[in-house]
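# Summary of the model geometry
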Amino acid sequence: MTNAPQVPAMQALPDGEAELALVLRLPWEDVARLGQEAGRLASQMQRPVTLDEAVSHRLRSTRPTASHAKPAGEQPAAVTSGSAVTSLPRISGTA
C-alpha cells in the first residue's frame, strides 16, 4: 500500500464538465512530445502550462465535442476517420 493521497476516479466540476483521474504509462518520447505541446500552448497563452493542461487542450482540439451522453447499453456508432482522436506522433520508429 502506498501513502499517496487517494484521488476520486471521476468528479463533477462546477462548470458542468467532469474530471477523470488516470494513470498512463508512456514512452519518454511521448512525454517529450507533450512537453513540446505544452511549450507551444504556453507561448500562445503567454503563461506557464502544465502537461495535464496540454493533454486536455490536445484532446479538446482534435475531436468534436459530444452533445450529450449516450444512455447505458446503447452501442456507439462506427468511428469514421474524421472523428478519431489523433495520437501523438512517435519520435522513434517503434509502435
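Quick summary incoming for the structure in this document.

About the thresholds
- Residues numbered from 1 in each chain as written.
- Predicted model: local features only at pLDDT ≥ 70, side-chain atom pairs only at ≥ 80, totals over all residues.
- Heavy atoms only, no water.
- Helix = DSSP H or I, 4+ residues; strand = E, 2+ residues; numbered from the N terminus.
- Contact = heavy atoms within 4.5 Å.
- Areas by Shrake-Rupley, 256 points an atom, 1.4 Å probe, with all protein chains shown as cover.
- Salt bridge = Lys/Arg side-chain N within 4 Å of Asp/Glu carboxyl O.
- Buried < 20%, exposed > 50% of the residue type's maximum accessible area, 1.4 Å probe, protein only.
- Core = buried A, V, L, I, M, F, W, Y, C linked by side-chain atoms within 4.5 Å.
- Expected span 1.5 Å × (residues − 1).

Secondary structure summary: the chain contains two helices and two strands in total. Along the chain direction, N to C, the helices and strands of the chain fall in the order β-β-α-α. The long-range share in the chain, meaning contacts at least 24 apart out of those at least 6 apart in sequence, stands at 33%. Surface summary for the chain: the accessible area is close to 8200 Å², and the carbon and sulfur share equals 58%.

This model, assessed by the stated rule, comprises four salt bridges. A salt bridge links R60 to E17, with the nearest nitrogen and oxygen atoms 2.7 Å apart. Remark: E17 occurs in the loop between β1 (10-12) and β2 (18-20) and R60 occurs in helix α2 (residues 51-61); sequence separation between them is 43 residues. Judged by its relative accessible area of 33%, E17 falls in the partly exposed class. In this structure, the salt-bridge partner of E53 is R47, at a minimum N-O distance of 2.4 Å. A relative accessible area of 26% places E53 in the partly exposed class. Overall, R47 belongs to the partly exposed group, its relative accessible area being 36%. Here the residues in one salt-bridge network are E37, R40 and R58, joined through shared partners.

Among the nonpolar cores identified, the biggest contains five residues, and these are A38, L41, A42, V49 and A54. The element best represented in this core is helix α1 (residues 28-45), accounting for three residues. Other than its neighbours up to four places away in sequence, A42 contacts R47 and V49.

One non-glycine residue, Q46, lies in the positive phi region at around 60°. Within the element layout of this structure, Q46 appears in the loop between α1 and α2. Given a relative accessible area of 67%, Q46 falls into the exposed group.

What follows deals with the environment of L34. With respect to the helices, strands and loops of the structure, L34 is situated in helix α1. When the C-alpha positions of L34 and R58 are compared, they lie 9.2 Å apart, and in sequence the two are 24 residues distant.

Take α1 next. Think of an α-helix as 3.6 residues a turn; residues three or four steps apart then line up on the same face. Here α1 spans 25 Å end to end across 18 residues, near enough to the 26 Å set by a 1.5 Å rise per residue. Residues of α1 that are buried in the fold lie against α2. Looking one or two residues past α1, Q46 carries a phi angle of roughly 60°, positive in sign.

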